[in-house]
Amino acid sequence: MSAVSNVSPINVGTYLTSAQGSFISSLLGTVYKFGTEWFRLVQAGATDLPINTVVVTGRTAGIPNWVVTAPLLAANPDVAGVVPEEFTAAIPASSYFLLQISGSALVVTSDTTVIHTSGTEFRLVTSSANSGQAKAAATYTTASTTDDAGVFGIATNSAVATATGTTIRCFITGLGY
């Protein structure tokens, strides 16, 4: 388990570039609680991260290194959290920021026709053009190339995703804090 604190080196919805944030690199993985929501200090990988996407952590010698990217591997068990809705633009590559790991969050969906109702469980789409986006768990099949390791969130409102990239409010669960 990572250390837990309520004194963060940066605010939710802000980031530090790799040069600005090098002094906090030793804090990667530290968990922070603000109200009822939990966040983890992470670093973006080699590409920009869009807002409201789900990301996975890399590993070094089998241990999470908290450098996060959009998922590219099917069945990736390392879902790290959701880029918080407080951001208004993509997070630049290699930047340090607080990733949401618990509580109410907007999440980008990959579905175009599925009706999402309150209580729908979501899983992460991997290995496809919609990597990092959520899909209702009920729409997965065992033969799917986008199956992932499990449910990471539950929809808390009724909505219809009319296009890929629609956001839906979810309650994130089980990402470790």
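Residues numbered from 1 in each chain as written. Predicted model: local features only at pLDDT ≥ 70, side-chain atom pairs only at ≥ 80, totals over all residues. Heavy atoms only, no water.

A. Spatial organisation of the overall build of the chain. The number of helices and strands found in the chain is zero helices and 14 strands. Going through the 177 residues of the chain one by one, you find that 44% of them count as buried. By element, 57% of the accessible surface of the chain is carried by carbon and sulfur atoms, the whole surface being about 7,900 Å². (Helix = DSSP H or I, 4+ residues; strand = E, 2+ residues; numbered from the N terminus. Buried < 20%, exposed > 50% of the residue type's maximum accessible area, 1.4 Å probe, protein only. Areas by Shrake-Rupley, 256 points an atom, 1.4 Å probe, with all protein chains shown as cover.)

B. Region of interest: the pairing of strand S3 (residues 31–34). Bridge count for strand S1 (residues 4–5) against S3 is two bridges, and the pairing is parallel. The partner of Val4 across the bridge, within S3, is Val31. As paired strands, S3 and strand S4 (residues 37–44) are joined by four bridges and run antiparallel to one another. By the bridge assignment for S4, Tyr32 is matched with Phe39. Here S3 hands over to S4 after two residues, with Gly35 in that stretch at a positive phi of 65°. (Pairing = 2+ DSSP bridges.)

C. Broad picture of the environment of Ser110. As for its position among the elements, Ser110 is in the loop between strand S8 (96–108) and strand S9 (115–116). Ser110 sits in the buried class, given a relative accessible area of 9%. Put simply, Ser110 and Ser131 are 21 residues apart on the chain and 8.5 Å apart in space, counted from C-alpha to C-alpha.

D. Layout of the packing of aromatic side chains. One pass over the structure, following the stated rule, counts two aromatic pairs. Ring centres of Phe34 and Phe39 lie 5.8 Å apart, and the angle between their planes is 55°; on these two criteria the pair is classed as tilted. The exposure class of Phe39 is buried, given its relative accessible area of 2%. Just above the ring of Trp66 sits the side chain of Arg40; from NZ or CZ to the centre is 4.0 Å. (Phe/Tyr/Trp six-rings, centres within 6.5 Å; stacked < 30°, edge-to-face > 60°. Lys NZ or Arg CZ within 6 Å of the ring centre and 35° of its normal.)

E. Region of the structure containing the side chain of Thr30. Its place among the elements puts Thr30 in the loop between strand S2 (15–16) and S3. By relative accessible area, Thr30 is classed as buried at 12%. Of the polar contacts made by the side chain of Thr30, one reaches the backbone oxygen of Leu27; its length is 2.7 Å. (Polar contact = N/O pair within 3.5 Å; in protein donor to acceptor, adjacent residues only side chain to side chain.)

F. Geometry of the pairing of strand S14 (residues 167–172). Here S14 shows one buried face, formed by Ile168, Cys170 and Ile172, and one open face, formed by Thr167, Arg169 and Phe171. Where S8 meets S14, six bridges bridge the pair, whose relative direction is antiparallel. Among the inter-strand pairings, Val108 is bridged to a residue of S14, identified as Thr167.

G. Quick look at the environment of Thr167. With respect to the helices and strands, the residue Thr167 is situated in strand S14. With a relative accessible area of 34%, Thr167 lands in the partly exposed category. Taking C-alpha positions, Thr167 is 4.3 Å from Val108, a pair spaced 59 residues apart along the chain. Once residues within four sequence positions are removed from consideration, Thr167 is found in contact with Asn52, Leu106, Val107 and Val108. (Contact = heavy atoms within 4.5 Å.)

H. Inspection of the nonpolar core at higher detail. Ranked by internal contacts, the top residues of the largest apolar core, which has 21 residues, are Leu49, Val68, Val83, Phe97 and Leu99. For this core, the secondary-structure elements that each account for two or more residues are S4, strand S6 (63–69) and S8. Apart from the residues lying within four places of it in its own chain, the contact partners of Leu99 are Trp38, Phe39, Arg40, Val42, Val55, Val68, Ala80, Gly81, Val82, Val83 and Pro84. One finds Trp38, Val82, Ile101 and Ile168 within the second-largest nonpolar core, a separate group that totals 13 residues. (Core = buried A, V, L, I, M, F, W, Y, C linked by side-chain atoms within 4.5 Å.)

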